[in-house]
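Structure assessment
Below are the chains, spelled out letter by letter.
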Amino acid sequence: MSLPTIRKSSSSAMRALRLSALALSLTALAGCSMFSSKDPRFEPAPLTEYTPGVAAKISWSTSIGSGADSGFAPQVAGSSVYAATVSGQVSKVDLDTGRVQWSANAGKKLTAGAGSDGVVTAVASVDGNVIAFDDSGKELWRSRSSSAVNVPPAVGAGVVVVRTSDYRLQAFDASTGDLRWSLQRPGPALSLKTSMQMRIIDGLLLAGMPNGRLMAIDAAQGRLVWEGSISVSRGATDLERINDVVGAPQVVDPLLCGATYQGRVACFDVSQGGRLVWDREFSAGTGIAADNQMLYAANSRDQIDAFALTDGQTIWTQKALRNRGLAPLAVLPQALAAGDKEGYVHFLSRLDGTLLGRVSVGGGAIVSPLVGTPRGVLVQTGNGNLVLVGIN
C-alpha cells in the first residue's frame, strides 16, 4: 500500500500544531472525557461485579521517584527491572524482591525512559539529551538528539536508539555516545503523544511511525530492512488524519503485528518479505499485546478485542472497561492484564475476555505499559512507584 504525500509545514507552524495536537489527541484517547459531564457515552464504565477466577495481590511496591508520562515504561532484563520517572530518577530493581539495586539522578527532568539491555540503561531529558548509565548506575555519556524524545529509548546491538519529535530515528554508540546513524521520514502536521515503544530483536530495530508506517532497521548499521504500511491517513482535517502507530510492535514468529490510531490492526509475515497476512479496521488507543494464538487490543474507547493471529477474526470483545483510560495491556500465563486511570489492574480471561480479578495499586492513573513477567505483572504508577502484582 502506498503512502500519501504530506506537505511539510514550516518549523514554527509544525511546532505549534504539534503542541495543539498533544492536548487534542490525549483527550481523544482518554475517551473524550472533556464531554463526560454532558454525554453519558463518554462516562467511564463503573466497576462491575465478577466471579473471581484468579487471586491477585501486591507482591512488592518500591518508590522509584515521582511523576508519570506516556514516555515511560519499565524494562525487564534478566532478573532486574530498569525504570525512570519524570523527576529524573533512574533505578535498577530486583524483580523478585523489589529491592533497589541502584538509583541514579539524571540531574534534569526526564521525558522518556528507561531503555536497557542489562548493560547500558538510557533515558532522555527535557533538554533533548540522551543519557546513558552503566550497570552500576554510573553515568557513561550524554549526547544531544535532534529534538525532544517522548518514546522510551531502545537499547541493544551496541546502540541506543531514540525516536525524536521531528520524526527521526537516531542511534548512538552504546559505549561512547557517538552518533552512529540517523534516519528520518516525513511526518504529518499533527501527531500523538501517547504510549509508544520500539524494540530491538535479533539485531533489528522495530519501530512504528506516524502515517501508519512500521519499520525494521538493522540496528547497528541503520540500514532499512523492511518498511510496511499498516494504514493510511483519512479525513478532511489534520486531526482526522492522525494515523500514528501506537504501543509496541508485537513479534510472534513469523508474524510482525502493529496497530494505529484511527486506522487498522495488521500482521505481516516476515518470513515472506513482510507480506500482509491480514488487517482489520480499528482505532487503537494504546497498542497491542499478543500470545501464541491471539492478538489483544484496546480501542480508543477502551473496548478490548481479541483477534485470531492466523486470520484476524474477532474471537471476543469486552466492553466492561470502556472509557476507563487503559494503559497498554500485558499478557500473563494466567490472564490478560489491563491498568486504568483510577489505579486498578484488571485481569481478563485470554480465552473469552471474562473478568477474572481486580486489584488497586494506588498512586493515581496508570499511564505506563504493563509488563508481564514470570512473577506477575509490573505496574509503574502515576506517583512514581514500581509495583509487582502476583496472581495465581
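This one's a predicted model, so the numbers in the text were calculated from it and none came from an experiment.

Turning our eyes to something else, we now look at the confidence of the model for the protein. For the protein, the average pLDDT comes to 90, and 90% of its residues sit at 70 or higher. pLDDT under 50 marks residues 1-37. Its contacts with residues more than four places away, or in other chains, come to 56 contacts.

Our focus in this paragraph is the pairing of strand 24 (residues 304-308). Of all five residues that make up strand 24, five are buried, and the element is covered over most of its length. Here strand 24 shows two buried faces, one formed by Ile304, Ala306 and Ala308 and the other by Asp305 and Phe307. Pairing analysis gives five bridges linking strand 23 (residues 294-299) to strand 24, with the strands arranged antiparallel. What sits directly across from Tyr296, in strand 24, is Ala306. Remark: four residues form the turn of the hairpin made by strand 23 and strand 24, two consecutive strands paired antiparallel; Asp302 in that turn has positive phi of roughly 70°. Relative to strand 25 (residues 314-318), strand 24 runs antiparallel, the two being bridged by four bridges. Residue Ala306 lies in a different strand from strand 25, and its bridge partner there is Trp316. Joining the antiparallel neighbours strand 24 and strand 25 is a turn of five residues, in which Gly312 adopts a positive phi near 80°.

Assignment of secondary structure puts Arg168 in strand 12 (residues 168-173). Linking Arg168 and Val149, residues 19 residues apart in sequence, is a C-alpha distance of 9.9 Å. If we ignore the near neighbours within four places in the chain, the residues touching Arg168 are Ser146, Val162, Arg163, Ser182, Leu183 and Gln184.

Attention shifts here to the nonpolar core. Counting 37 residues, the largest nonpolar core has Leu169, Trp181, Met198, Leu205, Val265 and Leu295 as the members making the most contacts within it. Not counting residues up to four positions away in its chain, the partners in contact with Trp181 are Val161, Leu169, Gln170, Ala171, Leu205, Ile217, Asp218, Ala219, Ala220, Gln221 and Gly222. In terms of nonpolar packing, the next biggest core, distinct from the first, is built from 18 residues, Ala330, Leu370, Val387 and Val389 among them.

All right, on to the pattern of salt bridges then. One pass over the full model with this rule turns up 16 salt bridges. Ionic pairing is found between Asp69 and Lys193, a salt bridge with its closest N-O pair at 3.1 Å. Of this pair, Asp69 sits in the loop between strand 1 (56-63) and strand 2 (75-77) while Lys193 sits in the loop between strand 13 (179-184) and strand 14 (199-201), and the two are 124 residues apart along the sequence. Beyond isolated ion pairs, a larger network of salt bridges with shared partners links Arg185, Arg213 and Glu227.

This part is about the sheet that holds strand 31 (residues 376-380). Judged by pairing direction, the sheet is antiparallel, and its four strands sit side by side in the order 1-32-31-30 without closing on themselves. If you trace the sheet from one side to the other, it starts and ends with strand 1 and strand 30 (371-373), each paired once. Pairs of neighbouring strands in the sheet enclose a mean axial angle of 25°, with direction left out of account. Across three bridges, the pairing between strand 30 and strand 31 is antiparallel. The partner of Thr373 across the bridge, within strand 31, is Gly376.

With that out of the way, let us pick up empty space enclosed by the protein. All told, the structure shown has one cavity of 30 Å³ or more when counted by the stated rule. What the largest cavity holds in volume is close to 40 Å³. Along the walls of the largest cavity sit Val151, Arg163, Met196, Gln197, Met198, Ala207, Gly208, Val245 and Gly247, which together make up its complete lining. Residue assignment for the lining of the largest cavity shows that the elements contributing at least two residues are strand 15 (204-208) and strand 18 (245-252). Counted by class, the lining of the largest cavity contains five nonpolar, three polar and one charged residues.

About the cut-offs
Residues numbered from 1 in each chain as written. Predicted model: local features only at pLDDT ≥ 70, side-chain atom pairs only at ≥ 80, totals over all residues. Heavy atoms only, no water. pLDDT = per-residue confidence, 0-100. Contact = heavy atoms within 4.5 Å. Buried < 20%, exposed > 50% of the residue type's maximum accessible area, 1.4 Å probe, protein only. Helix = DSSP H or I, 4+ residues; strand = E, 2+ residues; numbered from the N terminus. Pairing = 2+ DSSP bridges. Core = buried A, V, L, I, M, F, W, Y, C linked by side-chain atoms within 4.5 Å. Salt bridge = Lys/Arg side-chain N within 4 Å of Asp/Glu carboxyl O. Axes fitted to C-alpha atoms, helices over the stretch in contact; angles between N-to-C directions. 1 Å grid on protein atoms, 1.4 Å probe; cavity = no way out; pocket = protein on both sides within 12 Å on 5 of 7 lines; lining within 4 Å. Points joined across faces, edges and corners; volume = space filled by probe spheres on them. Nonpolar A, V, L, I, M, F, W, Y, C, P; charged D, E, K, R; others polar.

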